[in-house]
Amino acid sequence: MTGKILLVENEAPIALNEARMLKKFGYEVVIAYTGEEALNIAEEESEISLILISCMLLINSQKCYQETHLKLFVQPHLQQ
């Protein structure tokens, strides 16, 4: 595996297609369909290397970015 990606996309067909492509490159993919779900996953999951956020989320995408961005910088495995 090359890393774990949290993919935040509210349209299931798009999310599944993107996840399939990322998996072909060796990434582990966790899908969230809402901003709230993404925040919960970001809190619970460890080892997330990258978060891809759709711009069309019902929750404010900027808020989702800010909260997940802060979480990533305090995870020890990403500070190496």
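These numbers were taken from a predicted model, which means no experiment stands behind them.

Undergrad: Looking at this structure, I do not really get the overall build of the chain. What am I missing?
TA: Looking only at helices and strands, the chain features three helices and three strands. The N-to-C order of helical and strand elements in the chain reads β-α-β-α-β-α. Relative to its full complement of 80 residues, the chain shows a buried share of 38%. Looking at the chain alone, contacts between residues at least 24 apart form 60% of all its contacts between residues at least 6 apart. Only carbon and sulfur atoms are counted for the fraction: they give 57% of the accessible area of the chain, which is about 5300 Å².

Undergrad: So what exactly am I meant to see when it comes to the sheet that holds strand 1 (residues 3-8) here?
TA: Backbone hydrogen bonds are what pair the strands of a sheet, in a parallel or an antiparallel way. Pairing is parallel across the open sheet formed by three strands, whose spatial order is 2-1-3. In this open sheet, the two strands that pair with only one neighbour each are strand 2 (27-32) and strand 3 (48-53). The mean inter-strand angle of the sheet, taken between neighbouring strand axes irrespective of direction, is 25°. Where strand 1 meets strand 3, five bridges bridge the pair, whose relative direction is parallel. Residue pairing in the sheet places Leu6 in a bridge with Ile51 of strand 3. The sheet strands contacting helix 1 (residues 12-24) are strand 1, strand 2 and strand 3, and the helix crosses strand 2 at an angle near 165°. Of the strands in this sheet, strand 1, strand 2 and strand 3 touch helix 2 (residues 35-44), which is tilted by about 135° from strand 2.

Undergrad: How do you make sense of the confidence of the model for the chain when you look at a structure like this?
TA: Close inspection of predicted coordinates is inappropriate in any region flagged by low pLDDT. Averaged over all residues, the pLDDT of the chain equals 78, while 66% of them reach at least 70. Within the chain, strand 2 carries the highest mean pLDDT (95), whereas helix 3 (residues 61-74) carries the lowest (57).

Conventions used here
Residues numbered from 1 in each chain as written. Predicted model: local features only at pLDDT ≥ 70, side-chain atom pairs only at ≥ 80, totals over all residues. Heavy atoms only, no water. Helix = DSSP H or I, 4+ residues; strand = E, 2+ residues; numbered from the N terminus. Buried < 20%, exposed > 50% of the residue type's maximum accessible area, 1.4 Å probe, protein only. Contact = heavy atoms within 4.5 Å. Areas by Shrake-Rupley, 256 points an atom, 1.4 Å probe, with all protein chains shown as cover. Pairing = 2+ DSSP bridges. Axes fitted to C-alpha atoms, helices over the stretch in contact; angles between N-to-C directions. pLDDT = per-residue confidence, 0-100.

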